[in-house]
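# Structural features, examined
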Amino acid sequence: MGNRFARQDYEWVYTDQPHADRRKEILAKYPEIKSLMGPDQRLKWIVCMMVVIQFLAFYLVKDLDWKWVLFWTYAFGSCINHSMTLAIHEISHNTAFGNNKALWNRYFAMFANLPIGLPYSASFKRYHLDHHRYLGGDGVDVDIPTEFEGWFFCTRFRKLIWIMLQPLFYAARPLAINPKPVTGLELANVAVQLLFDVLLYCLWGAKPVVYMLAGSMLGMGLHPISGHFIAEHYMFLKGHETYSYYGSLNLLTFNVGYHNEHHDFPSIPGRRLPMVRKIAAEYYEDLPQYSSWVQVLYDFIMDDALSPYSRIKRKLKGDVKQE
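Because the structure is predicted, anything quoted here is derived from the model rather than measured. Per chain, the residues get numbers from 1 upward, laid out in the order the sequence is written. Reporting in this predicted model follows two pLDDT cut-offs: at least 70 for local features of residues, and 80 or more for side-chain atom pairs to be given and counted; totals over whole chains, interfaces and linings ignore these cut-offs and use all residues. Neither water nor hydrogens contribute to the side-chain values; these are computed over all heavy atoms in the structure.

## Structural notes on the packing of aromatic side chains
Filter applied, for reference: Any two rings among Phe, Tyr and Trp, with Trp reduced to its six-membered ring, count as a pair given centres within 6.5 Å; such a pair is stacked if its planes are under 30 degrees apart, edge-to-face if over 60, and tilted if neither. By the criterion adopted, a ring carries a charge over it if an Arg CZ or a Lys NZ lies within 6 Å of its centre and within 35 degrees of its normal.
Scanning all chains against the criterion turns up 27 aromatic pairs. A connected cluster of aromatic rings, assembled from ring pairs, spans F148, W151, F152, F153 and F169. The cationic tip of K101 hangs over the ring face of W104; the distance from NZ or CZ to the ring centre is 4.3 Å. Cation over ring: R158 sits above F152, and NZ or CZ is 4.3 Å from the ring centre.

Printed below as a string of structure tokens:
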């Protein structure tokens, strides 16, 4: 359990990310995939339903004993809140109302943010689009762990702690790697969220607030769904930087497991990504894939050849235009 990890650096490459070239090749061969692009008309209704479910849960937990509050926080609230973060991921690609109503998507993401408890949606949008455009880009892609994370979380026990604290690292990493000026939308996101949190406390007390905030922290930490954080881009096989997962948890996560497909076609809503894989099957069937996010978490912790350094990284060339 105490063996230090041998890797001392990221996997540096001097090639462009593979997704742009594969997208061009697939569209040339299967132009009908363009018809899958555009908003998902069902997304906004699913998100509204999930927000209402959490509001109902806030009301139901207010009179429970604390032991049951904590139980339902992990068993139910953490699942819904992590799913809501992935709904925000979907909305960040304008899949709720389309590209012509970009601000509608931003404000709707703030609405989806309410049950999470922490202002998240506006900042996520800015950094996530950079992640797509400059995958693995040094100093730009904040999905890449910092040097400190790679150096320190190098044993099995420390990797376990790192996974448990994932939400904190995802929140702090942009400030360390690629700080940006605060925008009006980010300030609005903070103001709306804080107002909601205060109103929730004044209306129903501390238990719903704990259920909400702890659910977000636990759901994005040591939780089966959080296996997608590791599964998406950590280099389990040398030379492969994006991996897909085709298991049942995609039903709760807006098909975020179809991650090669998503990076190839970020403007296609998650609900339609299985159709991309079906149409262009020969491009995806031989790529590395997972069937269990729990297994991914276990393997990442137990395999001494894996650590936060197990990421492909590249120096960016030319002009870098960030969000």
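## Re helix α10 (residues 206-219)
So the rule is basically this: A helix here means a DSSP run of H or I that spans at least four residues, while a strand means a run of E at least two residues long, and both kinds are numbered starting from the N terminus. To estimate how far a helix should reach, multiply one less than its number of residues by 1.5 Å. Buried means the residue's accessible area, taken with a 1.4 Å probe over protein chains only, is under 20% of the maximum for its type, while exposed means over 50%, and partly exposed covers the values in between.
Relative to the 20 Å expected for 14 residues at 1.5 Å per residue, α10 spans 19 Å between its end C-alpha atoms, a close match to the ideal helical length. Regarding α10, the residues found buried are K207, P208, V209, Y211, M212, G215, S216 and G219.

## Overview of the confidence of the model for the protein
Rule in force here: Across the chain, each position has a pLDDT score giving the predictor's confidence in that residue, from 0 to 100.
Of the residues in the protein, 98% have a pLDDT of 70 or more, and the chain-wide mean is 94. The lowest-confidence element of the protein is helix α8 (residues 166-177), averaging 93 in pLDDT; the highest-confidence one is helix α12 (residues 259-264), averaging 98.

## A closer look at the nonpolar core
Using the following cut-off: What we call a nonpolar core is a set of buried Ala, Val, Leu, Ile, Met, Phe, Trp, Tyr and Cys residues that are connected through their side-chain atoms within 4.5 Å. Two residues qualify as a contact provided that any one of their heavy atoms is within 4.5 Å of a heavy atom in the partner residue.
One finds V47, M84, I91, W162, I230 and F300 to be the most contacted residues of the largest nonpolar core, which totals 37 residues. Ranked by residue count, the leading element in this core is helix α3 (residues 66-92), at 6 residues. Excluding its chain neighbours within four sequence positions, the residues that come into contact with F300 are K159, W162, I163, I230, Y234, F236, L306, S307 and P308. In terms of nonpolar packing, the next biggest core, distinct from the first, is built from 14 residues, L27, I33, I268 and V276 among them.

## What to know about the pattern of salt bridges
Stated precisely, the cut-off is as follows: Note on definitions: salt bridges are taken to be side-chain nitrogens of Lys or Arg within 4 Å of carboxyl oxygens of Asp or Glu.
According to the stated counting rule, one finds 14 salt bridges in the structure shown. Among the ionic pairs, E282 bridges to K29, the shortest N-O distance being 2.9 Å. One end of the pair, E282, is in helix α14 (residues 281-284); the other, K29, is in helix α1 (residues 19-29), with 253 residues separating them in the sequence. By relative accessible area, which is 33% here, E282 ends up partly exposed. Two residues, R311 and D143, come together in a salt bridge whose shortest N-O distance is 2.8 Å. Placement of the pair is R311 in the loop between α15 (293-302) and β4 (312-314) and D143 in the loop between α5 (121-133) and α6 (147-152), with a sequence separation of 168 residues. We classify R311 as buried; its relative accessible area is 2%. The structure contains a network of salt bridges with shared partners spanning R7, E11 and K238.

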